[in-house]
Amino acid sequence: MDQSRDDNSLTELRSGDLEKAVCGLGGKKYNAGQIWSWLYKKSVFDIDKMTDIPSVLRTSLKQNFSVPLPEIERSEKSADGTVKLLLKLYDSNYIECVIIPEKDRMTLCVSSQAGCRFKCSFCSTGKLGFKRNLYAHEIVGQVLTASVFAGTRITNVVYMGMGEPFDNYDEVIKSADIISDDSGLAVGKRKITISTFGHVDSIIRFTNEDIRYKLAVSLHNPFDDERNLIMPANRKYGLKKLFDALTAYTKKSNRKVVFEYVLLKNVNDTERHAKELIRLLSALPSKLNLIKYHSQGAADEFGPLKDEFALKFYNFFRNQNFPVVFRSSRGEDISAACGQLTAKRKAGE
Ligand code: SF4
């Protein structure tokens, strides 16, 4: 099959759609369940090796579908065990995903786009510009490929890799539905986090559709004029619209929003910022993740906050009993940390 199309991958189909497709080829519903199990429980992606499927049906499947997976071009392992995979897509676009092993879980940070159009000034991906949206099967493919590579099940998925997930809403939600399906990869809905810079239109849609994945927002500054400078997309919506949409989301879903805040030296690190953050975030059920900034090389216009100042910022929230964590850095030595993903094929490229 032609792997350059999006509509012929078996891993592009939610389970109900796979059933319809299999029945349309003359198979039975239970054959769809068997195929689902081969793909998502047994990691078998070759239709010929799905031995309990009748050979006539296998032939029709091969004539109509394929199971394209991203190719691993390179893997890099950090001193802390984090692994970054550089993946080649069918059209020679490159993306990255990051496997983060922890004591009781195996988290995968997935990309949702090749590049990104939103140009946040502290983000390496933003500097690449936008190439294209990923299809759902290319996101699901990251989970399948990473799981085989790591030799273990992925337990948590965060949409925090390359791209803005809510700029590719349909494919992202479809991929999360496939990844969370109980009869396959079975990553719990509460263990899937979609992270957005604050794409208000999609947050409203997410709320209206009552979708139950966790929502994270990259805030990084509580003042519109300053946020506009580091996140130009803020000009379109502004914080008022963003927080109105998030308030509606928390009311309807009864869930918290996780706010991500990367600490940038002399940019967003003062008591004035902390006070305004508390004022804004106290208006809705929320939690704050403070993140260490990861340098992007010599030409970088930003710098990380020294640990003692980061601790002071963190303690400001702790002292007011505001739910806050300081997220430890993972994979910084291999440029796999937040804001560092660039899908470079060689050093300097
Ligand atoms: S932070 Fe997110 S939205 Fe901003 S440029 Fe980077 S990938 Fe795009």
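What counts and how
- Sequence order sets the numbering: in each chain, residues are counted from 1 along the sequence as written.
- Side-chain atom pairs in this predicted model are given and counted only at pLDDT of 80 or more, local residue features only at pLDDT of at least 70, and totals for whole chains, interfaces and linings cover all residues.
- Secondary structure follows DSSP: runs of H or I at least 4 residues long count as helices, runs of E at least 2 residues long count as strands, and numbering of each begins at the N terminus.
- With the radius of gyration taken over C-alpha atoms, the globule rule is written as 2.2 Å times the number of residues to the power 0.38.
- Neighbour density around each residue's C-beta defines its exposure: 20 or more other C-beta atoms within 10 Å make it buried, 12 or fewer make it exposed, and counts between make it partly exposed, where C-beta atoms are placed from the backbone.
- Whether two residues are in contact is decided by their C-beta atoms, placed from the backbone, lying within 7 Å.
- Nonpolar cores are built from buried Ala, Val, Leu, Ile, Met, Phe, Trp, Tyr and Cys residues. These are joined into a set through C-beta atoms within 7 Å.
- Each domain's limits were defined by an automated method or a database of domain assignments.
- For each residue, a C-beta position is placed from the backbone atoms; the residue is near a molecule or strand when that point lies within 6 Å of it.
- Any residue that is not Ala, Val, Leu, Ile, Met, Phe, Trp, Tyr, Cys, Pro, Asp, Glu, Lys or Arg is counted as polar, Gly included; the first ten are nonpolar and the last four charged.
- Directions are taken from the helix axis to each C-beta atom, and the arc is the one they span.
- Pairing between two strands is assigned when DSSP locates at least 2 bridges connecting them.
- For helices, the axis comes from a line fit to the C-alpha atoms of the stretch in contact; other axes are also lines fit to C-alpha atoms, and the angle between any two N-to-C directions lies between 0 and 180 degrees.
- Orientation is classified from the angle alone, with under 35 degrees giving roughly parallel, over 145 giving roughly antiparallel, 65 to 115 giving roughly perpendicular, and any other angle giving oblique.
- Crossings are classed by handedness, with left-handed meaning an anticlockwise turn of the near helix from the far one by less than a right angle and right-handed meaning a clockwise turn.

### Quick look at the overall build of the protein
Assigned secondary structure in the protein consists of eleven helices and twelve strands. On C-alpha atoms alone, the protein measures out to a radius of gyration of 21 Å, which is about the 20 Å that the 2.2 N^0.38 rule sets for 349 residues. For the protein, the C-alpha atoms occupy an extent of roughly 70 × 45 × 35 Å along the three principal directions. Counting all 349 residues of the protein, 43% fall into the buried class. Counted over contacts in the protein with a minimum sequence separation of 6, partners at least 24 positions apart contribute 67%.

### Focus: the nonpolar core
In terms of nonpolar packing, the biggest core is built from 93 residues, with I35, C97, L108, V143 and I179 touching the most fellow members. Counting contributing residues, this core receives three or more from each of domain 1 (10–64) and domain 2 (71–334). With sequence-adjacent residues up to four places away left out, I35 is seen in contact with L10, L18, V22, M50 and I53.

### Details of the site of the ligand
Near the ligand you find C116, F118, K119, C120, C123, T125, G126, G163, E164, F197 and S218, and these make up its full shell. When the residues that make up the shell around the ligand are grouped by side-chain class, the tally is five nonpolar, four polar and two charged.

### Comments concerning the domain arrangement of the protein
When cut into domains, the protein gives domain 1 (10–64) and domain 2 (71–334). On a C-alpha basis, the centroid separation for the pair domain 1 and domain 2 is 34 Å. Facing the nine residues of domain 1 at the interface are 15 residues of domain 2. Across the side of domain 1 that touches domain 2, the residue classes tally to three nonpolar, three polar and three charged.

### Some remarks on helix α10 (residues 271–281)
What α10 keeps buried is the set H273, A274, L277 and L281. Looking down the long axis of α10, one finds its buried residues gathered within 100° of arc, a one-sided arrangement. Away from the buried face of α10 by more than 90 degrees, exposed residues E271, R272 and R279 are located. Lining the buried residues of α10 we find β10 (257–263), β11 (286–292) and α11 (307–318).

### Things to note about the pairing of strand β2 (residues 83–88)
Judged by how many residues are buried, β2 sits mostly within the fold: five of six residues are covered. When strand β1 (residues 71–77) meets β2, the two strands line up antiparallel, connected through six bridges. Bridge assignment links I72 to a residue of β2, and that residue is L87. Here β1 hands over to β2 after five residues, with G81 in that stretch at a positive phi of 95°. In terms of strand pairing, β2 meets strand β3 (residues 94–102) through six bridges, oriented antiparallel. Note that in β3 the partner of V83 across the bridge is I99. Here β2 hands over to β3 after five residues, with S92 in that stretch at a positive phi of 70°.

### A look at the sheet that holds strand β8 (residues 192–196)
If you walk across this open sheet you meet the ten strands as β1-β2-β3-β4-β7-β8-β9-β10-β11-β12, and the pairing is mixed. The open sheet is flanked by β1 and β12 (324–327), the only strands paired with a single partner. The mean angle between the axes of side-by-side strands here comes to 20°, regardless of whether they run parallel or antiparallel.

### A few points about unusual backbone geometry
Even without a glycine there, the phi angle at K119 is positive, about 60°. With respect to the helices and strands, the residue K119 is situated in the loop between β5 (113–115) and α4 (124–128). Even without glycine at this site, H220 takes up a positive phi of about 70°. With respect to the helices, strands and loops of the structure, H220 is situated in the loop between β9 (214–218) and α8 (224–230).

### Let's talk about the pairing of β11
The pairing of β10 with β11 spans seven bridges and is parallel. Counterpart to L263 in the pairing with β11 is K292.

### Some remarks on the packing of helix α5 (residues 136–150) against helix α6 (residues 169–180)
Two numbers describe a pair of packed helices, the interaxial angle and the distance between the axes. In the contact formed by α5 and α6, the axes pass within 8 Å of each other and the chain directions differ by 40°. Looking at the two axes, α5 sits oblique to α6. Considering only the axes of α5 and α6, their crossing is right-handed. The residues of α6 that touch α5, namely those facing A136, I139, V140 and V143, are E171, V172, K174, S175, I178 and I179.

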